[in-house]
Amino acid sequence: MTTLLDPTGERRPAERPRAPRLPSLAGKVVALLDISKPRGDVFLDRFAELITARGATVRRYTKPTFAKPAPPDLRKRIAQECDAVIEALAD
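Presented here is a report on the structure given in the accompanying data block. Worth saying up front: this structure is predicted, and the values here are computed from it rather than measured.

### A closer look at the nonpolar core
- In this structure, Val 29, Ala 31, Leu 33, Tyr 61, Ala 70, Leu 74, Ile 78 and Cys 82 together form the largest nonpolar core, which totals 8 residues.
- Of all the secondary structure elements, the ones that give two or more residues to this core are β1 (29–34) and α2 (72–81).
- If you look at the next biggest cluster of nonpolar residues, it comprises 7 residues, including Leu 44, Ala 48, Ala 56 and Ala 88.

### Notes on the environment of Cys 82
- Tracing the backbone through its elements, the reader meets Cys 82 in the loop between α2 and β3 (84–88).
- In this structure, Cys 82 is in contact with Val 29, Val 30, Ala 31, Arg 59 and Tyr 61, ignoring residues within four places of it in sequence.

### Digging into the pairing of strand β2 (residues 57–62)
- As judged from the 6 bridges shared by β1 and β2, these two strands associate in the parallel manner. Its bridge partner being in β2, Asp 34 is matched across the sheet by Thr 62.
- Handedness of the crossover joining β1 and β2 through helix α1 (residues 40–53) is recorded here as right-handed.

### What about the packing of aromatic side chains?
- This structure, assessed with the given rule, holds 1 aromatic pair.
- The ring centre of Phe 66 lies 4.9 Å from the NZ or CZ of Lys 37, which sits over that ring.

### Considering the pattern of salt bridges
- Tallied over the full model, the rule gives 4 salt bridges.
- A salt bridge links Asp 45 to Arg 60, with the nearest nitrogen and oxygen atoms 3.0 Å apart. With Asp 45 in helix α1 and Arg 60 in strand β2, this pair connects stretches of sequence that are 15 residues apart.
- Across the pair Glu 49 and Arg 46 runs a salt bridge, and its minimum N-O distance is 2.9 Å. Here the residue Glu 49 and the residue Arg 46 both occupy positions in helix α1, the gap between them amounting to 3 residues, near one helical turn.
- Assessed through its relative accessible area of 49%, Glu 49 is described here as partly exposed.
- What you see here is one network of salt bridges that share partners, running through Arg 59, Arg 77 and Glu 81.

Here is what the cut-offs are and how they apply
- Residues numbered from 1 in each chain as written.
- Predicted model: local features only at pLDDT ≥ 70, side-chain atom pairs only at ≥ 80, totals over all residues.
- Heavy atoms only, no water.
- Core = buried A, V, L, I, M, F, W, Y, C linked by side-chain atoms within 4.5 Å.
- Buried < 20%, exposed > 50% of the residue type's maximum accessible area, 1.4 Å probe, protein only.
- Helix = DSSP H or I, 4+ residues; strand = E, 2+ residues; numbered from the N terminus.
- Contact = heavy atoms within 4.5 Å.
- Pairing = 2+ DSSP bridges.
- Right-handed = clockwise from strand over helix to strand, strands pointing away.
- Phe/Tyr/Trp six-rings, centres within 6.5 Å; stacked < 30°, edge-to-face > 60°.
- Lys NZ or Arg CZ within 6 Å of the ring centre and 35° of its normal.
- Salt bridge = Lys/Arg side-chain N within 4 Å of Asp/Glu carboxyl O.

Next comes the structure, spelled out in structure tokens:
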């Protein structure tokens with residue numbers, strides 16, 4: 001069993017199922033979400049190369065600040081436009 005912890009400061013862990021994995025990236029649209037931490041863009045630049053090589057289309061998004069969750073309108077936009085999302089958590 002794998003335990004995933006939510007870093008958002010929950011007082012009680014919430015039970016959430018993991019999203020199913022995509023069988024392939026070919027033909028998919030993948031969001032790369034930069035959370036505005038230093039060098040996160042460098043991490044995502046490399047990820048974009050790797051994902052594009054697997055046949056995916058990459059769309060880039062940026063949170064206004066790493067200190068707060070992404071705004072609801074940004075989350076909704078990503079959910080409508082993309083099949084998967086990868087966040088950059090780098091310093």
